[in-house]
Protein chains: 2
Amino acid sequence: MGVTETSHDACAPLPEPAVGEIRLEAVLHALADPVRLRIVSSLAGCTDEVNCLAFDVPVAKSTLTHHFRVLREAGVIRQVRRGTSRMNSLRSDDLAARFPGLLDSVVAGHRASRHPV
Amino acid sequence: MGVTETSHDACAPLPEPAVGEIRLEAVLHALADPVRLRIVSSLAGCTDEVNCLAFDVPVAKSTLTHHFRVLREAGVIRQVRRGTSRMNSLRSDDLAARFPGLLDSVVAGHRASRHPV
DNA sequence: ATCGTAGTTTGACAGGTCTCGTAGTACGAG
DNA sequence: CTCGTACTACGAGACCTGTCAAACTACGAT
């Protein structure tokens, strides 16, 4: 019986807004937090997926869960279940399609303000 | 006595951060509110200064004062006293210098999402 | 089957934000 | 000087947010 694939697809991304549903205010609000900005900046750096606990932000696990949900529900990131982990990736293409240049300028601005050592 | 000009210059802008002091998170937070986003979008449209009550946002006067202060303290707008009015203008150049492309993409995104009639 | 790892859920708390109405200030016009 | 206009200041209330700890679930490894 091929129930495993239909009932709960282990590789399907968690609930997220469609490209056309992404709201500007939600994205700006999601990016306006230092912890989330740092996460996004990190994600923009590496090309492939990263699990949730791989970020060196000084917050508790549950707080991290909260921030990842805000980012996902705003349409900034995508989360996919992979074993016991959640792999996160930026929705760069979707964001660029809806708000061209926004993500790039934010990430660039964040890097610049964290004055390169 | 020429006290009038030195003690309180009627044309000096109200307290605002210097260009180098503008923080990305503060700007994003300032833009993440529907009322303020609308104000900024309006200001981006007309080239010259606009007084505070010239915006058709559905909020009380005191609320408007609050929003203008948030925008000014974030470094998004400049306020200058002119008679009994406060003339507001976008700090487009300063923002472009510090976070290139940010303001443009936000304003463009806001206009686009308010689906053109 | 047992254990450890990764993450979620819940409840709680402190603090911030948006909103308003009312009262007050500053300025120009008459 | 008096009046109206434009805006600010000061609470106060409702709501939202970021944070944590503790208990829980889901999965893989042994």
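Anyway, here's the lowdown on the structure attached to this text. (Residues numbered from 1 in each chain as written. Chains lettered and ligands numbered in written order. Predicted model: local features only at pLDDT ≥ 70, side-chain atom pairs only at ≥ 80, totals over all residues. Heavy atoms only, no water.)

### Some remarks on the pairing of strand S3 (residues 85-90) of chain B
Residues and elements named next belong to chain B. With two bridges connecting them, strand S1 (residues 50-51) and S3 associate as antiparallel partners. Within S3, the residue paired with Asn 51 across the bridge is Met 87. By the bridge criterion, six bridges tie strand S2 (residues 77-82) to S3 in an arrangement that is antiparallel. Paired with Arg 81 across the two strands is Arg 86, which belongs to S3. Taking the residues that link successive antiparallel strands as the turn, the S2-S3 hairpin has two residues, and the phi of Gly 83 there is positive, at about 70°. (Pairing = 2+ DSSP bridges. Helix = DSSP H or I, 4+ residues; strand = E, 2+ residues; numbered from the N terminus.)

### Points about helix H2 (residues 24-31) of chain B
H2 of chain B sits mainly inside the fold: six of its eight residues count as buried. Here H2 of chain B has its buried residues at Leu 24, Ala 26, Val 27, Leu 28, Ala 30 and Leu 31 of chain B. (Buried < 20%, exposed > 50% of the residue type's maximum accessible area, 1.4 Å probe, protein only.)

### Digging into the protein's contact with DNA strand D
Taken together, 23 residues form the shell around DNA strand D, and within it His 67 of chain A together with Leu 53, Lys 61, Thr 65 and Arg 86 of chain B come nearest. Near the protein, meaning within 4 Å, the atoms of DNA strand D are sugar or phosphate in a fraction of 73%, with bases accounting for the rest. Taking His 66 of chain A, its side chain carries an N or O atom lying 2.9 Å from a phosphate oxygen of DNA strand D. Between DNA strand D and the protein, one listed contact pairs a phosphate oxygen with a side-chain N or O atom of Arg 86 of chain B at 2.5 Å. A breakdown of the residues in the surface near DNA strand D according to their chemical character gives five nonpolar, 12 polar and six charged. (Near = heavy atom within 4 Å. Polar contact = N/O pair within 3.5 Å; in protein donor to acceptor, adjacent residues only side chain to side chain. Nonpolar A, V, L, I, M, F, W, Y, C, P; charged D, E, K, R; others polar.)

### Some thoughts on the packing of helix H3 (residues 34-45) of chain A against helix H6 (residues 102-113) of chain A
All names here are of chain A. Running from N to C, H3 and H6 point in directions that differ by 105°, and their axes come no closer than 10 Å. What the angle tells us is that H3 and H6 run roughly perpendicular. In this structure, H3 contributes Leu 37, Arg 38, Val 40, Ser 41, Ala 44 and Gly 45 to the contact, and H6 contributes Leu 103, Val 106, Val 107, His 110 and Arg 111. Of the residues contributing to the contact of H3 with H6, the split by class is six nonpolar, three polar and two charged. (Axes fitted to C-alpha atoms, helices over the stretch in contact; angles between N-to-C directions. Parallel < 35°, antiparallel > 145°, perpendicular 65-115°, else oblique. Contact = heavy atoms within 4.5 Å.)

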